[in-house]
Amino acid sequence: MNVAEKRNATCLRCGWHVQAHDWIAADLVAADHADETGHETTIVSDAELEFSKATEVGGSA
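Because the structure is predicted, anything quoted here is derived from the model rather than measured.

The rules behind each value
- Residues numbered from 1 in each chain as written.
- Predicted model: local features only at pLDDT ≥ 70, side-chain atom pairs only at ≥ 80, totals over all residues.
- Heavy atoms only, no water.
- Helix = DSSP H or I, 4+ residues; strand = E, 2+ residues; numbered from the N terminus.
- Polar contact = N/O pair within 3.5 Å; in protein donor to acceptor, adjacent residues only side chain to side chain.
- Contact = heavy atoms within 4.5 Å.
- pLDDT = per-residue confidence, 0-100.
- Pairing = 2+ DSSP bridges.
- Axes fitted to C-alpha atoms, helices over the stretch in contact; angles between N-to-C directions.
- Expected span 1.5 Å × (residues − 1).
- Buried < 20%, exposed > 50% of the residue type's maximum accessible area, 1.4 Å probe, protein only.
- Arc of directions from axis to C-beta.

> Explanation requested: the side chain of asparagine 8 in the structure shown.
Topologically, asparagine 8 is positioned in strand 1 (residues 7-11). Within the structure, asparagine 8 has its side chain in polar contact with the side chain of glutamine 19 (distance 3.1 Å). Within the structure, asparagine 8 has its side chain in polar contact with the side chain of aspartate 46 (distance 2.8 Å). Leave out the neighbours within four places in its chain, and asparagine 8 touches His17, Val18, Gln19, Thr42, Ile43, Val44, Ser45, Asp46 and Leu49.

Here is the structure:
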């Protein structure tokens, strides 16, 4: 995994999204969103996000 790669925290319910520089920061902002809204969030790296986007549209990862 690339050190400069960002982490993406996304709300599974409302689409809220933020990019962070590390897992801890992403986890903190995701936890804050979950506490405020009660929504479930997920955190993925840029590479995982791009792979997910490619496979959703049937493209090659």
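> Just checking my understanding: could you explain the confidence of the model for the chain for this structure?
Any residue range with low pLDDT should be treated as having predicted coordinates unsuitable for detailed reading. For the chain, the mean per-residue pLDDT works out to 85, and 87% of the residues sit at or above 70. Of all the helices and strands in the chain, helix 2 (residues 46-56) carries the lowest mean pLDDT, 77, while helix 1 (residues 23-37) carries the highest, 95.

> What should I look at first to understand the sheet that holds strand 2 (residues 17-20) in this one?
Two modes of strand pairing occur in sheets, parallel and antiparallel, and in both the strands are linked by backbone hydrogen bonds. Reading across the sheet, the three strands line up as 2-1-3 and stay open at both edges, with antiparallel pairing between neighbours. The sheet is open, and its two edges are formed by strand 2 and strand 3 (41-45), each paired on a single side. Across the sheet, the axes of successive neighbouring strands diverge by a mean angle of 20 degrees, strand direction being ignored. Inspection of the sheet shows strand 1 paired to strand 3 by five bridges, in the antiparallel sense. What sits directly across from cysteine 11, in strand 3, is threonine 41. Along the sheet, helix 1 makes contact with strand 1, strand 2 and strand 3, crossing strand 3 at roughly 160 degrees.

> Explain helix 1 to me, please; I cannot follow it from the model alone.
In an α-helix, one turn spans 3.6 residues; hence positions three or four apart end up facing the same way. For helix 1, built from 15 residues, the straight-helix expectation of 21 Å at 1.5 Å per residue is met to within 8% by its first-to-last C-alpha distance of 21 Å. Those residues of helix 1 that sit buried are Ala26, Ala30 and His33. Looking down the long axis of helix 1, one finds its buried residues gathered within 60 degrees of arc, a one-sided arrangement. Exposed side chains of helix 1 directed beyond 90 degrees from the buried face belong to Ile24, Leu28, Asp35 and Glu36. Among the residues of helix 1, the N-terminal cap falls to aspartate 22, whose side-chain oxygen and the backbone nitrogen of isoleucine 24 are separated by 3.2 Å. Among the residues trailing helix 1, glycine 38 stands out with phi positive, at a value near 80 degrees.

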